[in-house]
Amino acid sequence: MGRRVPAEFPAEPYNRDVKSAPFRGEKHVEVTDVPKAAVTKPTDALLKVTLGGVCGSDLHIYDGRIPGCEGWGMGHEFVGVVEEVGPEVRRFKKGDRVVSSFFVACGHCHYCVRGWFNQCVERGAFGYGEYFGALGGGQAEYVTVPLADTTLEHIPDGMSDEKAIFVGDILATGFFAAERAEIKPGDTVAVIGAGPVGLMAVMCAQLFGPARIFIVDMVDSRLEFAQGMGAIPVNAKEVNPVEFIRQATGGFGVDRSIECVGALTAVDTAIQCVKGGGTISMVGVPNHTIGDFPYVDAWQRALTFRVGWCNVQAYMRPLLDLVAAGRLQPESIISHRMKLDQAAEAYRIFDAREATKIVLTP
Ligand SMILES: [Zn+2]
Ligand SMILES: [Zn+2]
């Protein structure tokens, strides 16, 4: 599958060197020449990447919190053109424009046949090194996509790479979060976190007809952006977000909350700001392995919790249709368009929250 990029790799046996952005250690990403990715299994596809994204979850690697990533290519949001397929790939052929899910799934195991691709027994994520599947990264000129038939989707004719790329990760996650929040027409909703996933959650929540959406963050520029999408900004640096939301909802709280950060304070806000009988949908990548569960409070208020990472493969096709129809404009959150060669700078400014969303062109 993916290949490790050695610190000093040999000059020979590779037929061609191409660019990739491997992780080199804490706060250190460096674009370097690596052996070109290749089809090595019958279910693989080789993609020539045309656009890659830098994702908030890449920062868990960048900050050195995930073991087993050093020397591995990064990036799990990408679109590209199929250059070659293995003999068992049925749905794709050379020249097809495709978007990839951020993780691979087999399509035929116990979980996949039940539609739970994110529980696939063969799952693995791109750009997470040995930690999660030992696959290559999409912040590169080429990437090998294993289990291509269940990992890729065709991009509709005429749709730009920028419109398509996010259905493989953040847009699907925003939709998954909003759908699982069980938003009914007229509901009030709070989205915790106005990063890329939070902004996608606001965009997708609107498809379900809520009366009002509050967005909680501490960065003004992100809150302003969310306000432009129709959300009510709540700056947690200036007000207590739970009190603010309760006051604005007649003392009750919102019907649904969507947690998009993964920090315990954000989870706590998501739980506290919903009214009795409410639903809390949590998709933020956890910063901690364990936190206190408010058992009595949850029992007394009859809360519903929906927790977990996105089941992307189930959403890519319908989301591409929604984007094609103009119902969603995920590309609107792109703040920086950079070259793959500038990956180190891209990570630096994204880590410093100077950029909302960065895409890289090889
Ligand atoms: Zn991601
Ligand atoms: Zn499977």
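Please refer to the structure placed before this passage.
Below is a summary of the structure that appears in this document. (Residues numbered from 1 in each chain as written. Chains lettered and ligands numbered in written order. Predicted model: local features only at pLDDT ≥ 70, side-chain atom pairs only at ≥ 80, totals over all residues. Heavy atoms only, no water.)

**Concerning the overall build of the protein**
- Per the secondary structure count, the protein includes 11 helices and 19 strands.
- By the compact-globule yardstick of 21 Å for 362 residues, the protein fits well, its C-alpha radius of gyration being 20 Å.
- On the principal axes, the C-alpha backbone points of the protein span a range of 70 × 40 × 40 Å.
- Within the protein, buried positions represent 55% of all 362 residues.
- A fraction of 69% describes how many contacts in the protein between residues 6 or more apart in sequence connect residues 24 or more apart.
- Split by element, the accessible area of the protein, about 15300 Å² in all, is 51% carbon and sulfur. (Helix = DSSP H or I, 4+ residues; strand = E, 2+ residues; numbered from the N terminus. Rg over C-alpha atoms; globule rule 2.2 N^0.38 Å. Buried < 20%, exposed > 50% of the residue type's maximum accessible area, 1.4 Å probe, protein only. Contact = heavy atoms within 4.5 Å. Areas by Shrake-Rupley, 256 points an atom, 1.4 Å probe, with all protein chains shown as cover.)

**Focus on the coordination of the zinc ion (ligand 2)**
- Those protein atoms acting as donors to the zinc ion (ligand 2) are Cys106 (SG), Cys109 (SG), Cys112 (SG) and Cys120 (SG), and they sit at 2.3 to 2.4 Å.
- Sequence positions of the residues that donate to the zinc ion (ligand 2) give the spacing C-x2-C-x2-C-x7-C.
- For cysteine 106, a relative accessible area of 8% corresponds to the buried category.
- The exposure class of cysteine 112 is buried, given its relative accessible area of 4%. (Donors = N, O, S within 2.8 Å, 3.2 Å for Na, K, Ca; no water.)

**A word on the packing of helix H4 (residues 170-180) against helix H5 (residues 196-205)**
- Packing of H4 against H5 brings their axes to within 7 Å, and their N-to-C directions diverge by 55°. The pairing of H4 with H5 is recorded here as oblique in orientation. The chirality of how H4 crosses H5 is right-handed. Of H5, the residues touching H4 (which contributes Ile170, Leu171, Thr173, Gly174, Phe175 and Ala178) are Pro196, Val197, Met200, Ala201, Cys204 and Ala205.
- Of the residues that constitute the contact of H4 with H5, the class distribution is 10 nonpolar, 2 polar and no charged. (Axes fitted to C-alpha atoms, helices over the stretch in contact; angles between N-to-C directions. Parallel < 35°, antiparallel > 145°, perpendicular 65-115°, else oblique. Left-handed = near helix turned anticlockwise from the far one by under 90°. Nonpolar A, V, L, I, M, F, W, Y, C, P; charged D, E, K, R; others polar.)

**Focus: the coordination of the zinc ion (ligand 1)**
- In this structure, Cys55 (SG), Ser57 (OG), His76 (NE2) and Asp169 (OD) serve as the protein donors to the zinc ion (ligand 1), at separations of 1.9 to 2.8 Å.
- Geometry at the zinc ion (ligand 1) is irregular, judged from the 4 donor atoms that bind it and their angles of 81 to 166° at the metal.
- Every donor residue of the zinc ion (ligand 1) comes from the same chain, spaced as C-x1-S-x18-H-x92-D. Here the residue cysteine 55 occupies a position in the loop between strand S5 (45-54) and helix H1 (58-62), and aspartate 169 occupies one in the loop between helix H3 (161-164) and H4, the gap between them amounting to 114 residues. Here the two residues cysteine 55 and aspartate 169 agree in accessibility, since each one is buried. (Tetrahedral: all angles 85-135°; square planar, octahedral: opposite > 155°, others 65-115°.)

**Overview of the side chain of glutamate 331**
- Considering the arrangement of structural elements, one finds glutamate 331 in the loop between helix H10 (316-324) and strand S18 (336-339).
- Take glutamate 331: its relative accessible area is 17%, and that puts it in the buried class.

**Some words on the nonpolar core**
- Among the nonpolar cores identified, the biggest contains 97 residues, and Phe166, Leu171, Val191, Ile258, Leu319 and Ile358 are the most heavily contacted of them.
- Here the element with the most residues in this core is H5; it accounts for 8 residues.
- If we ignore the near neighbours within four places in the chain, the residues touching isoleucine 258 are Ala177, Ala178, Ala181, Ile183, Val189, Ala190, Val191, Ile192, Ala201 and Ser281.
- Grouped together as the second largest cluster of nonpolar side chains are 17 residues, Ile245, Cys273, Ile280 and Leu303 included. (Core = buried A, V, L, I, M, F, W, Y, C linked by side-chain atoms within 4.5 Å.)

**With respect to the packing of aromatic side chains**
- Scanning the entire structure with this criterion turns up 10 aromatic pairs.
- Geometrically, the ring pair formed by phenylalanine 175 and tyrosine 315 is tilted, given 5.7 Å between the ring centres and 55° between the ring planes. With phenylalanine 175 in helix H4 and tyrosine 315 in the loop between strand S17 (304-307) and H10, this pair connects stretches of sequence that are 140 residues apart. Judged on exposure class, the residue phenylalanine 175 and its partner tyrosine 315 are both buried.
- Every member of this aromatic cluster is reached through a ring pair, and the members are Phe102, Phe103, Phe132 and Trp309.
- Sitting over the ring of tyrosine 142, lysine 36 keeps its end group 4.3 Å from the ring centre. (Phe/Tyr/Trp six-rings, centres within 6.5 Å; stacked < 30°, edge-to-face > 60°. Lys NZ or Arg CZ within 6 Å of the ring centre and 35° of its normal.)

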